Amino acid sequence: MVVLGAGPAGLVLANLLHGSGVDCVVLERAGRAHVQTRARAGFLAANTVRILDRHGLAEGLRRRGREHGACEFRTDDGRFCLEYGSLGRGEPHTVYPQQELVTDLLTRYVNAGGRIRFEAEAVAVLGADTSRPAVTVREPDGRTVRWQARYVAGCDGRRGAARASLPPGAVRHHRLDHGVSWLGLLVEAPPSLDAVGYAVHPRGFAGHMARTRDITRYYLQCERDSPADAWSQERIWEELELRMRAARYGPLHRGPIVQRGVVDLDSDVLEPLRHGALLLAGDAASVISPSAAKGANLAVLEAEMLADALADDLVRGDGEGLDRYSARCLTHIWRAQDFSRWMIQLLHEPSGPDGDSSFHHSLRRSRIEALRTSRSQQDWFAENYVGV
Ligand code: APR
């Protein structure tokens, strides 16, 4: 079994396969230090924690993760806090930076004797429609080698070799550009609110998400194609404080901006998630915009489903689970995509020729008001916000 990519999808899969006695190797393009320090998502759904717990992979997040169950909306109409952790199914998030989760998963896999090659970039998956697929890999010394396996799991993200190796027409590619861009910022400063903050402002959306006691993520809606370094630190803080209405609700804890980048919010889904012996999971299967923090949670869920199906096939000779893998995952993927799209519409003015914006503006205001006042809306929100 060859697993491409050592992100959450690839590492959960590799841990579970190794635990089931399946012979596997992980091939990762980046070096170990890079993989363990790459700051990305950080909000783990209750179901993700249950999956990791079930397989003994949750020790670190149980110790160092923090439960989080509130989000605050700020608009021209005022502010309100949704205690989503006690609404819906009554489940909070666990905030645990993704690089720490990846480090835990990697350490656990390597200590258990799992095989992994760093700086080994998969170039192409060959013969996916046969029972002996192969992966060509560029080694650190520039040599190209070939790994052969019964199955290849493509967990190497949206720009990896798995997607690139799919022959034209082999799978359907659903895409949606949400027409919105965010300047994502990682700041060395404590969180400014006890909650996730969503500020809806005529100048655009601003977001606040705690990561650790000393690190906070902020987002600013920005122009498409605006270069991340065009924003001075001063302008960033002014804009954040304006949109978060700091003059009214209290100042933000400022600190050095240690990472920044512009993300265009777009989503896609491949269907099916299988081409013969090549199976896709995580971002390789579906990219989801970060508006509802679902990406890493879907990746873990899919990895568990894929590991079960592969173990059934490879250990017990039962291929039925693999036949159902794609359809089972897609049910969860589409539901998450739907909620993430709903969040985008809740938080942003539509840009481009999308009808009368005063109409959209009023619809959005009405949605936020429903969220503030209707218990059934709040329960629905909580269930979808934390669930996968
Ligand atoms: N060969 C080998 N490895 C590769 C290749 C390649 N050609 N291309 C990419 N990779 C590696 C990347 O270096 C990365 O370590 O694949 C890994 C993919 O990991 P992630 O991008 O974290 O993707 P995934 O495991 O699917 O997790 C998805 O996590 O951070 C969230 O929001 C993110 O939704 C995303 C989720």
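This structure is a prediction, so every number in the text was calculated from the model and none was measured.

Visitor: Can you walk me through the site of the ligand in this structure?
Guide: Taken together, 23 residues lie near the ligand, and Glu28, Arg38, Arg40, Gln98 and Asp283 sit nearest. In the model, an oxygen atom of the ligand is placed 3.2 Å from a nitrogen or oxygen of the Pro8 main chain. A distance of 3.1 Å separates a nitrogen atom of the ligand from a polar atom in the backbone of Arg29. Calculation on the ligand without its partners gives an accessible area of 720 Å², and the protein chains cover 91% of this total. Among the elements of the structure, helix 1 (8-19), strand 9 (121-126) and helix 9 (295-316) are those that each provide at least two residues to the shell around the ligand. The leading source of residues in the shell around the ligand is helix 9, at 3 residues. Taken together, the residues of the shell around the ligand sort by class into 10 nonpolar, 6 polar and 7 charged.

Visitor: Would you mind showing me how to read helix 10 (residues 320-347) here?
Guide: Side chains three or four residues apart in an α-helix point the same way, a direct result of the helix having 3.6 residues per turn. Along its 28 residues, helix 10 runs 42 Å from first to last C-alpha, staying within 8% of the 40 Å computed at 1.5 Å per residue. Along its length, helix 10 shows its largest kink, about 30°, at Ser326.

Visitor: Quick question: what am I supposed to make of the domain arrangement of the protein chain here?
Guide: It is common to report an interface's size as the accessible area lost on association of the parts. As far as domains go, the protein chain holds domain 1 (2-67 + 93-175 + 267-343) and domain 2 (178-265 + 357-386). Between the C-alpha centres of domain 1 and domain 2 the distance comes to 29 Å. Contact with domain 1, which involves 22 residues of that partner, is made by 21 residues of domain 2. Taken together, the two surfaces of domain 1 and domain 2 that pack against each other cover about 2000 Å², and 60% of this comes from carbon and sulfur.

Visitor: Which parts of the structure should I look at to understand the packing of helix 10 against helix 12 (residues 375-386)?
Guide: When two helices pack together, you describe them by how their axes are tilted relative to each other and by the distance separating the axes. Packing of helix 10 against helix 12 leaves a shortest axis separation of 10 Å and a crossing angle of 120°. The orientation of helix 10 with respect to helix 12, classified from their angle, is oblique. Remark: the crossing between helix 10 and helix 12 carries left-handed chirality. Between helix 10 and helix 12, the contacting residues are Arg335, Phe339, Trp342 and Met343 on the first element and Trp380, Phe381, Glu383, Asn384 and Tyr385 on the second. For the contact of helix 10 with helix 12, the residue count by class is 6 nonpolar, 1 polar and 2 charged.

Visitor: What should I look at first to understand the sheet that holds strand 9 in this one?
Guide: What links the strands of a sheet is backbone hydrogen bonding, and the strands pair in either a parallel or an antiparallel sense. One open sheet accounts for 3 strands, arranged 9-10-11; its pairing is antiparallel. On the outer flanks of this sheet lie strand 9 and strand 11 (144-148), each paired with one strand and no other. The sheet shows a mean angle of 25° between the axes of neighbouring strands, direction not considered. Across 5 bridges, strand 10 (residues 134-138) lies against strand 11 in antiparallel orientation. Each residue of the ladder has a partner; that of Val137, found in strand 11, is Val145.

Calculation criteria
Residues numbered from 1 in each chain as written. Predicted model: local features only at pLDDT ≥ 70, side-chain atom pairs only at ≥ 80, totals over all residues. Heavy atoms only, no water. Near = heavy atom within 4 Å. Polar contact = N/O pair within 3.5 Å; in protein donor to acceptor, adjacent residues only side chain to side chain. Areas by Shrake-Rupley, 256 points an atom, 1.4 Å probe, with all protein chains shown as cover. Helix = DSSP H or I, 4+ residues; strand = E, 2+ residues; numbered from the N terminus. Nonpolar A, V, L, I, M, F, W, Y, C, P; charged D, E, K, R; others polar. Expected span 1.5 Å × (residues − 1). Bend = angle between axes of the 7 residues up to and from the residue. Domains from an automatic or database assignment. Contact = heavy atoms within 4.5 Å. Buried area = accessible area lost by both parts, 1.4 Å probe. Axes fitted to C-alpha atoms, helices over the stretch in contact; angles between N-to-C directions. Parallel < 35°, antiparallel > 145°, perpendicular 65-115°, else oblique. Left-handed = near helix turned anticlockwise from the far one by under 90°. Pairing = 2+ DSSP bridges.

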